[in-house]
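Observations on chain architecture
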Amino acid sequence: MGHQPRIVLGVCGGIAAYKSADLCRRLVEAGARVAPVMTEDAHRFLGEVTLSALATEPVRTSLWDEREPIPHTRLGQWADLVLIAPATARLIGAYAGGLSHDLLTATLLATRAPVLVCPAMHEEMWEHPAVQDNVALLRSRGVEVVDPATGRLAGGDVGTGRLADLPDIVSAVFEALSAGKGAVERDLAGQRLVVTAGGTREPLDPVRFLGNRSSGKQGHALADEAAARGAHVTLVTTAGRAAAAGVRVVDVETAEEMEQAVLSLAGDADVVVMAAAVADFRPKAPADRKLKRSEGVPEILLEPTPDILAALGEHKGPDQLLVGFAAETPAASDDMRREALAKLRRKRLDLVVANDVLAPGAGFGHDTNVVLLIDANGAERAVPLMDKREVARVVIDTVVEMRSRRGGGADPDPVTEPGTEPVTEQGVEEVPRKGRHQ
Ligand code: PMT
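Residues numbered from 1 in each chain as written. Predicted model: local features only at pLDDT ≥ 70, side-chain atom pairs only at ≥ 80, totals over all residues. Heavy atoms only, no water.

**Section: the sheet that holds strand S13 (residues 271–274)**
Read across the sheet, nine strands follow the order S12-S11-S8-S13-S16-S17-S18-S19-S20 without closing on themselves; strand pairing throughout is mixed. Each of the sheet's edge strands pairs with one partner strand only, and the pair in question is strand S12 (247–251) and strand S20 (428–430). Taken over all neighbouring pairs, the strand axes of this sheet differ in orientation by 20° on average, direction set aside. Across six bridges, strand S16 (residues 321–328) lies against strand S17 (residues 351–356) in parallel orientation. Along S17, the bridge assignment pairs Ala326 with Ala354. (Pairing = 2+ DSSP bridges. Helix = DSSP H or I, 4+ residues; strand = E, 2+ residues; numbered from the N terminus. Axes fitted to C-alpha atoms, helices over the stretch in contact; angles between N-to-C directions.)

Encoded structure:
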């Protein structure tokens, strides 16, 4: 590997331009070199200084900067990927029509790198046949278009046209890089993974449930990462989120439904990763009609749910690798390690991924996480604050290393990057805050 991906980040003049600053930061944190190119109109929405402070390369704005002749061909050749976020209707039209009137459009025509376009505009504009035709034309030429999301738009109304969620864009970038450049090894090719995600919902009555704060982001990131590396992935999820192409999704709601799905799939799986937040208790007798306030405060009796991971540990196949998570709220600094180790032993895991869900940016709902990996030999790997997709990469790296040591891996040459040596039997290894392509 040894290659840090080089991304030209094109920013157009739309209200979503402010999000491109955060996108730039995420890409840099994920290990990319980012060269922003702003259109003239982008300056109306975002200051150049903001992007300059976050990017690894200088911000460029003009074809006519005398210090750098022909900047568009240099940028086009330099880039491993050109990302346009946000992309306006005008940019999409110009690119589809082969017009180059500024540095960004000229770079798009001058590059042979994969191009990823993330449109953001008002719903009426997005749905206009001219825009849709241009998008279809770009797609037919191999340009990847990350569809806009539905939600509140700049005018205050709700519709489709909002810039796609940033974690989805980051995932699409790394998938496009892996497909285009082979930068991600397909070191899980042929392996079968079952991954769980999201929080289970245990009904109290037909309209209420006991739930938890899991968004499913960490589990989905694991499934997407494993699929990008060639695995056959089945994702059992409560989250109702989109998964990467190639991930088979099984939607469930309760712990019992998750148990049935996981146990029926686990027999064929090489690796099971339980990232879901499964309820430990559920109402013993959920009401079959809505509980009414006028009937007084109900007394709700709880009963334990099945422990899916413990059942998996009990029936684990000889070559199967079992990965559990541990969501902890430790009072003292060593409590998390102790609790996670206890879960690893009790549930007969090969690897446990512990997160302190009270730590800033970690655990439930965040786009980032901070985790400690502990394997069955007690070897540890500490992962600092990172995007959940990058955390997923470290977890999958560790799984690949463990399988290859057992002789069960798909690839005899697993991912090892400088500074991320395999888990050893002594001490805690710190994973540096950097991306996959260093
Ligand atoms: O979904 P996000 O918003 O991205 O948040 C990610 C996360 C915080 C949910 C994730 O990182 C995480 O910690 N998942 C595990 C949550 C959890 O239930 O932890 P636990 O310590 O209570 O359970 C330990 C393990 O047993 C987990 O792998 C869990 O899936 C499993 N379990 C728990 C209870 C149960 N009845 N059956 C189980 O299989």
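After that view, the rundown keeps rolling.
**Looking at the site of the ligand**
Around the ligand, 29 residues are found, and the nearest of them are Ser214, Ser215, Lys343, Asn355 and Gly365. Out of a free accessible area of 770 Å², the ligand has 96% covered by protein chains. Mapped onto the shell around the ligand, the elements with two or more residues apiece are helix H9 (217–228), helix H11 (308–314) and S16. A class-by-class count of the residues in the shell around the ligand yields 13 nonpolar, 10 polar and six charged. (Near = heavy atom within 4 Å. Areas by Shrake-Rupley, 256 points an atom, 1.4 Å probe, with all protein chains shown as cover. Nonpolar A, V, L, I, M, F, W, Y, C, P; charged D, E, K, R; others polar.)

**Topic: the pairing of strand S1 (residues 6–11)**
In terms of burial, S1 is a largely internal element, five of the six residues being buried. In this structure, S1 lies alongside strand S2 (residues 33–38), joined through six bridges in parallel fashion. Paired with Val11 across the two strands is Met38, which belongs to S2. Of the crossover connections in this fold, the one passing from S1 over helix H1 (residues 17–29) to the parallel S2 is right-handed. (Buried < 20%, exposed > 50% of the residue type's maximum accessible area, 1.4 Å probe, protein only. Right-handed = clockwise from strand over helix to strand, strands pointing away.)

**Observations concerning helix H10 (residues 255–266)**
Here H10 is 12 residues long and its end C-alpha atoms lie 16 Å apart, about the 16 Å a rise of 1.5 Å per residue gives. Taken together, the buried positions of H10 are occupied by Ala255, Met258, Glu259, Ala261, Val262, Leu265 and Ala266. Each element contacted by the buried residues of H10 is listed here: strand S8 (192–197), strand S9 (202–203), strand S11 (232–237), S12, S13 and H11. (Expected span 1.5 Å × (residues − 1). Contact = heavy atoms within 4.5 Å.)

**Focus: the domain arrangement of the protein chain**
We note that the domain assignment places domain 1 (6–177) and domain 2 (192–430) within the protein chain. Summarising the inter-unit geometry, the C-alpha centres of domain 1 and domain 2 are found 34 Å apart. With six residues of domain 1 at the interface, the matching set in domain 2 holds seven residues. Roughly 660 Å² of surface becomes buried between domain 1 and domain 2 when both sides are summed, with 43% attributable to carbon and sulfur atoms. Run the count over domain 1 and domain 2 and you get three salt bridges. Of the charged contacts, one joins Arg389 and Glu175 as a salt bridge, the two residues approaching to 3.2 Å between their closest N and O atoms. Where domain 1 meets domain 2, there are three residue pairs in polar contact (both at pLDDT 80 or more). A total of four residues in the side of domain 1 that touches domain 2 trace back to one element, the largest contributor, which is helix H8 (residues 166–181). (Domains from an automatic or database assignment. Buried area = accessible area lost by both parts, 1.4 Å probe. Salt bridge = Lys/Arg side-chain N within 4 Å of Asp/Glu carboxyl O. Polar contact = N/O pair within 3.5 Å; in protein donor to acceptor, adjacent residues only side chain to side chain.)

**A look at the confidence of the model for the protein chain**
In this model, the protein chain carries an average pLDDT of 89, and 90% of its residues clear a pLDDT of 70 or more. Counted against residues more than four places away or in other chains, residues 411–426, with its pLDDT under 50, gives 47 contacts. The low-confidence segment residues 434–438, where pLDDT is below 50, has 37 contacts with residues more than four positions distant or belonging to other chains. (pLDDT = per-residue confidence, 0-100.)

**A short note on the packing of helix H4 (residues 89–97) against helix H7 (residues 129–140)**
For any two helices packed against each other, one specifies the crossing angle of their axes together with the interaxial distance. Their axes nearest at 9 Å, the elements H4 and H7 cross at an angle of 50°. Between H4 and H7, the crossing angle belongs to the class labelled oblique. In this structure, the crossing between H4 and H7 has a hand that is left-handed. Facing Ala89, Ile92, Gly93, Tyr95 and Ala96 of H4, the residues of H7 in contact are Val131, Asn134, Val135, Leu137 and Leu138. Class assignment of the residues belonging to the contact of H4 with H7 gives a composition of eight nonpolar, two polar and no charged. (Parallel < 35°, antiparallel > 145°, perpendicular 65-115°, else oblique. Left-handed = near helix turned anticlockwise from the far one by under 90°.)

**Focus on the pattern of salt bridges**
Across all of its chains, the model carries 30 salt bridges by this definition. When the shortest N-O distance is used, the salt bridge between Arg192 and Asp270 registers 3.5 Å. One end of the pair, Arg192, is in strand S8; the other, Asp270, is in the loop between H10 and S13, with 78 residues separating them in the sequence. On the basis of relative accessible area, Arg192 is assigned to the partly exposed category, the value being 39%. Residue Asp270 is classed as buried on the basis of its relative accessible area of 14%. Because the salt bridges share partners, they merge into one network encompassing Glu175, Asp187, Glu225, Arg229, Arg389, Glu390, Arg393 and Asp397.

**A few points about helix H12 (residues 335–346)**
For H12, which comprises 12 residues, the first-to-last C-alpha distance of 16 Å matches the rise-based estimate of 16 Å (1.5 Å per residue) to within 8%. Residues Asp335, Met336, Ala340, Lys343 and Leu344 constitute the buried set of H12. Taken end-on, H12 shows its buried residues confined to a sector of 165°, consistent with a single buried face. Pointing more than 90 degrees away from the buried face of H12 are the exposed residues Arg338 and Arg346. Lining the buried residues of H12 we find S16, S17 and strand S18 (368–375). Positive phi appears at Arg348, one or two residues downstream of H12, with a value of about 55°. (Arc of directions from axis to C-beta.)

**What about the packing of H9 against helix H13 (residues 388–406)?**
Where H9 contacts H13, the axes come no closer than 8 Å and their chain directions differ by 55°. Here H9 lies oblique to H13, going by the angle between them. Between H9 and H13 the crossing geometry is right-handed. Judged by residue contacts, Lys217, Gln218, Ala221, Leu222, Asp224, Glu225, Ala226 and Ala228 of H9 engage Lys388, Arg389, Val391, Ala392, Arg393, Val395 and Ile396 from H13.

**Topic: the sheet that holds S1**
Taking strand neighbours across the sheet as the criterion, the five strands line up as S2-S1-S3-S4-S5 in an open arrangement whose pairing is parallel. Every interior strand has two partners, whereas the edge strands, S2 and strand S5 (144–145), have only one. Along the sheet, helix H5 (residues 103–110) contacts S1, S2, strand S3 (81–87) and strand S4 (115–119); its crossing angle with S3, the most-contacted strand, is approximately 140°.

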